[in-house]
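Each chain, written out:
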Amino acid sequence: MAHGVLSFPLTAFHDDGSLDPDGLRAHVAARLATGPGALFPACGTGEFFSLDEEEYRQVVTIAVEEAAGQVAVVAGTGYGWAQAARFARIAEEAGADALLVLPHYLVAAPQEGLAAQLEQLAARTRLPIVAYQRGQVAYGVAALRRIARIPNVIGLKDGHSDLDRLQRLTLAAPEDFLFFNGAATAEIQARAYATVGVPAYSSAVHAFAPEIAGAFFGALHSGDHGTTEKLLREFYVPFVELRDRAPGYAVSLVKAAARLRGERVGPVRAPLTDPAPADLADLKALLTAGLDLVGASL
């Protein structure tokens, strides 16, 4: 997964909020055409939390059909382990290659419970599992060692950006255990994560501007510090500042940007809201400028 941007496609909806399979298929195909390291449908950016089981089946099936074995398809799952297992079975039937386990719902839990949650899910699926620590889920070294002993738990996505803690986890894990940077707008912290042995990262920007995401990935991995810093300073930092204007903009701004580029992805579902008109205007100006940095256009 460190050899390409990890792509988290949007889930396309019609204006009335119903699933748009054709829009989704076109969006996924466009992402695959840019050569991502893996495809993660129905995860946070894909509004997993708003999908019912039949919609989820359609989303994962379309991703698997479009990927056609080109890259791994890692489907999101989550809530408590019992419900996560239901989605896992659907993903397995749809042909997904692995699962990304999103943080469980609402309650805080002790380390033993976090590990037991994955053990319960892992016992109910044949698919490899990547755990996602973010929000109320944060593994300590002992819990990490415990989940790493589960045969089909293969990795950890980190969204806390606590590099001291993350370094301890990477040193405690088996050599073949996967880690990747799952912070919001992960490019901002990609260099810092790489210093603790975590070069792979997810990219929400890839969902609407693969040209920018690809240019950043190439510059980062070739050691082109000038281009890396220019993209951070002139696009990524302003994008994060715009993203932070309202809760949920980490998804709704991404979807709005994709619409600005003519992609048929539709609106977000409640409880998310589409960007305010002033924010949308600022997004359009920033996206235009960002694309110009890499020789592309809106």
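Structural data are supplied above this passage.
Anyway, here's the lowdown on the structure attached to this text.

About the thresholds
Residues numbered from 1 in each chain as written. Predicted model: local features only at pLDDT ≥ 70, side-chain atom pairs only at ≥ 80, totals over all residues. Heavy atoms only, no water. 1 Å grid on protein atoms, 1.4 Å probe; cavity = no way out; pocket = protein on both sides within 12 Å on 5 of 7 lines; lining within 4 Å. Points joined across faces, edges and corners; volume = space filled by probe spheres on them. Helix = DSSP H or I, 4+ residues; strand = E, 2+ residues; numbered from the N terminus. Nonpolar A, V, L, I, M, F, W, Y, C, P; charged D, E, K, R; others polar. Patch = residues over 30% accessible without salt bridge, like charges linked within 9 Å, V, L, I, M, F, W, Y side chains within 5 Å. Areas by Shrake-Rupley, 256 points an atom, 1.4 Å probe, with all protein chains shown as cover. Salt bridge = Lys/Arg side-chain N within 4 Å of Asp/Glu carboxyl O. Buried < 20%, exposed > 50% of the residue type's maximum accessible area, 1.4 Å probe, protein only. Phe/Tyr/Trp six-rings, centres within 6.5 Å; stacked < 30°, edge-to-face > 60°. Lys NZ or Arg CZ within 6 Å of the ring centre and 35° of its normal. Pairing = 2+ DSSP bridges. Right-handed = clockwise from strand over helix to strand, strands pointing away. Axes fitted to C-alpha atoms, helices over the stretch in contact; angles between N-to-C directions. Parallel < 35°, antiparallel > 145°, perpendicular 65-115°, else oblique. Left-handed = near helix turned anticlockwise from the far one by under 90°. Contact = heavy atoms within 4.5 Å.

Glancing now at the layout of surface pockets. Approximately 730 Å³ is the volume found for the largest pocket. Around the largest pocket, the lining comprises 31 residues; the ones closest to its centre are Gly44, Thr45, Leu102, Tyr132 and Arg134. Mapped by element, the contributors of at least two residues to the lining of the largest pocket are strand S8 (202–203), helix H9 (225–243) and helix H10 (249–260). Looking at the lining of the largest pocket element by element, the count peaks at three residues for H10. Looking at the lining of the largest pocket residue by residue, the classes come out as 19 nonpolar, nine polar and three charged.

Within the element layout of this structure, Ala281 appears in helix H11 (residues 277–293). Between the alpha carbons of Ala281 and Gln136 there is a distance of 34 Å; along the sequence they are 145 residues apart.

Right, let's talk about a nonpolar patch on the surface for a bit. Residues Tyr105, Leu106 and Val107 make up a contiguous nonpolar surface patch of roughly 360 Å² in combined accessible area. With respect to the helices and strands, the residue Leu106 is situated in the loop between strand S4 (98–101) and helix H4 (111–122). Assessed through its relative accessible area of 62%, Leu106 is described here as exposed.

Among the secondary structure elements, Ala84 is positioned in helix H3 (residues 81–94). Ala84 gets classed as buried once you look at its relative accessible area, which sits at 2%. When the C-alpha atoms of Ala84 and Leu118 are compared, they prove to be 9.8 Å apart, with 34 residues separating the residues in sequence.

Turning next to the packing of aromatic side chains. By the definition in use, this model includes 14 aromatic pairs. For the pair Phe235 and Tyr236, a centre-to-centre distance of 5.1 Å together with 80° between the ring planes defines the contact as edge-to-face. Pair check on accessibility: Phe235 and Tyr236 agree, each one buried. One residue, Lys157, lies across the ring of Tyr132, its end atom 4.2 Å from the ring centre.

Put simply, side chains in a regular strand alternate between the two faces of the sheet. Burial analysis of strand S6 (residues 153–158) places five of its six residues in the buried class, the great majority of the element. For strand S5 (residues 129–133) and S6, the ladder comprises five bridges, and the chain directions are parallel. Note that in S6 the partner of Ala131 across the bridge is Leu156. Since S5 and S6 lie parallel, the crossover through helix H5 (residues 141–148) that links them has a hand, and here it is right-handed.

Turning next to the sheet that holds S8. Strand order across the open sheet formed by three strands is S2-S1-S8, with parallel pairing between neighbours. Of all the strands in the sheet, just strand S2 (38–39) and S8 have a single pairing partner and so form its edges. Looking at chain direction, strand S1 (residues 6–7) and S2 are connected through two bridges and run parallel. Considered in S2, the bridge of Leu6 is made with Ala38.

Turning to the packing of H4 against H5, a few remarks are in order. Two numbers describe how H4 lies on H5: the axes approach to 9 Å, and their chain directions differ by 15°. On the basis of their axis angle, the class for H4 and H5 is roughly parallel. H5 is crossed by H4, and the crossing has right-handed handedness. Along the contact surface, H4 presents Gln111, Glu112, Ala115, Ala116, Leu118 and Glu119, while H5 presents Ala143, Arg146 and Ile147. By residue class, the composition of the contact of H4 with H5 is five nonpolar, one polar and three charged.

Moving on to the pattern of salt bridges. According to the stated counting rule, one finds 20 salt bridges in the structure shown. The partner of Arg31 in a salt bridge is Glu263, with the nearest N and O atoms 3.0 Å apart. A residue pair is termed long-range when its members are at least 10 positions apart, and Arg31 in helix H1 (residues 21–32) and Glu263 in the loop between H10 and H11 qualify at 232 residues. Taken as a pair, Arg31 and Glu263 share a single burial class, namely buried. For the salt bridge of Arg259 with Asp274, the shortest nitrogen-to-oxygen distance reads 3.6 Å. Taken together, the residues span a long stretch of sequence, with Arg259 in helix H10 and Asp274 in the loop between H10 and H11 at a distance of 15 residues. Residues participating in the shared-partner salt-bridge network are Arg25, Glu65 and Glu66.

These values are about where atoms sit, not about what they do.
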